[in-house]
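Here's the letter readout for the chains.
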Amino acid sequence: MIRAKQGTVVQDKHEDECSNISERESVYTVLSPEDRLPLTCTRAGTCCHGKEIWLNPWEIACLAQAHDLPSHEFRGKYTVDGGVRLRMDSAPGWKNLLACSQYDAGSGCVVHAGRPLACRLFPLGRVRQRDEISYVHEGEVFPCMEGCPEVEELPLLSVEEYLKGQQTLPGETAQDGYIELMQILADDALHLLLDTELAESDLRDEALQHWREVGDLSHEARADLMGEAWLDALTTPALNASLTNTAAFVQEHEEYLEARIEKDGSTISTLSDLESLCSLVMALSLHLGTALGLPSAQMVEHWIETAKSHLPPQ
Ligand code: SF4
Ligand code: SF4
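Residues numbered from 1 in each chain as written. Chains lettered and ligands numbered in written order. Predicted model: local features only at pLDDT ≥ 70, side-chain atom pairs only at ≥ 80, totals over all residues.

Draft legend 1. Looking closely at the nonpolar core. Of all hydrophobic cores here, the largest spans 73 residues; its most connected members are Cys 278, Val 281, Met 282, Leu 284 and Leu 288. Here the element with the most residues in this core is helix 12 (residues 271–291); it accounts for eleven residues. Taken together, domain 1 (15–166) and domain 2 (171–310) each give at least three residues to this core, which thus spans both. Sequence-distant contacts of Val 281, defined by excluding residues within four places in its chain, comprise Leu 185, Asp 188, Ala 189, Leu 192 and Ile 261. (Core = buried A, V, L, I, M, F, W, Y, C linked by C-beta atoms within 7 Å. Buried ≥ 20, exposed ≤ 12 C-beta atoms within 10 Å, placed from the backbone. Helix = DSSP H or I, 4+ residues; strand = E, 2+ residues; numbered from the N terminus. Domains from an automatic or database assignment. Contact = placed C-beta atoms within 7 Å.)

Draft legend 2. Representation of the site of ligand 2 within the structure. As a structural note, the neighbourhood of ligand 2 is formed by Cys 48, Lys 51, Ile 53, Cys 100, Gln 102, Tyr 103, Cys 109, Val 111, Arg 115 and Cys 119. Residue composition of the shell around ligand 2, grouped by class: seven nonpolar, one polar and two charged. (Near = placed C-beta within 6 Å. Nonpolar A, V, L, I, M, F, W, Y, C, P; charged D, E, K, R; others polar.)

Draft legend 3. Main features of unusual backbone geometry. The omega torsion of the bond from Phe 122 to Pro 123 falls at 15°, within 30 degrees of zero and hence cis. The phi dihedral of Asp 68 is positive, around 60°, even though this residue is not glycine. Relative to the helices and strands, Asp 68 is located in the loop between helix 2 (57–67) and helix 3 (71–78).

Draft legend 4. Molecular detail of the site of ligand 1. As a matter of local geometry, ligand 1 sits amid Cys 41, Thr 42, Ala 44, Gly 45, Thr 46, Cys 47, Phe 122, Pro 123, Cys 144, Gly 147, Cys 148 and Val 151. For the shell around ligand 1, the per-class residue count stands at eight nonpolar, four polar and no charged.

Draft legend 5. Representation of the packing of helix 9 (residues 219–226) against helix 12 within the structure. Between helix 9 and helix 12, the least distance of the axes is 10 Å, while the angle of their chain directions is 140°. When the axes of helix 9 and helix 12 are compared, the crossing they make is left-handed. When helix 9 is examined against helix 12, the residues His 219, Arg 222, Ala 223, Leu 225 and Met 226 are found in contact with a partner set consisting of Leu 280, Ala 283, Leu 284, Leu 286, His 287 and Thr 290. Partitioning the contact of helix 9 with helix 12 into residue classes produces seven nonpolar, three polar and one charged. (Axes fitted to C-alpha atoms, helices over the stretch in contact; angles between N-to-C directions. Left-handed = near helix turned anticlockwise from the far one by under 90°.)

Draft legend 6. Looking closely at the environment of Leu 156. With respect to the secondary-structure elements, Leu 156 resides in the loop between helix 5 (144–147) and strand 9 (157–158). Sequence separation between Leu 156 and Leu 37 is 119 residues, and the spatial gap between their C-alpha atoms is 5.1 Å. With residues up to four places along the chain from it excluded, the contact list for Leu 156 reads Arg 36, Leu 37 and Pro 38.

In structure tokens, the structure reads:
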């Protein structure tokens, strides 16, 4: 099982490919849509402190729009880890933990309309197992009880009512779409290795070694390795699709990345260049996985094993 912090729990639908990923596994209470819980927020802002909030490209665009900034400017100003995690560096508050960069102690979240899925879901999480979606909360005790015990005195809401009120659907569509795109990029890297001259060449082991190195890099180092142009293409693409049409946004992003990869591929003249492109595409997939809260070092081992099982004997 795979998870992302602060409420977004995801599991790749391609479970067979990802069943070895367990680094961030935890104990969850599984909920039904009818379960009624103390889901009326106290608005104390305690859960806006000390959290890890991973951002997919659609979420970066939504946050940037809330600030009326171009996406790449928002990324430079308010994100870390190569543009995939929200900066958590405002003045400390609850438990002396640093507040989110989007948190104002007087007025709360300054990007409320564009807040990420993790924030909309919290204190709930979302688990995707193949095509099945379920909602959970972390641990056996309701998460708000630690910081906001007074939540018990506020009206109960069903899980279904809560999700509707939080308008989670566009964010869920983006999350699922980007999981698919992460898989497509990994498949592209596999294709560049398995279906080209690389498969029979001396460079194939080097390619797998490079995949592993890319998976082990820090998120910042991986972003540096990809370079600014590819980081922009992956995390802050200039797309025409409206942010309100989430599926179209992700689809256009996929087409944009695929076109760029194909363009780079069409100019390749040496095996060494082919190997570099293959490693770059794997880096794109892993960095996008990171944006979805997935552990890159474990993801890459899975792809390496998949590649090894399909490579011809030498
Ligand atoms: S911990 Fe729960 S009740 Fe408190 S601010 Fe966060 S969501 Fe609201
Ligand atoms: S984006 Fe808004 S809701 Fe989410 S942690 Fe930051 S301040 Fe809180």
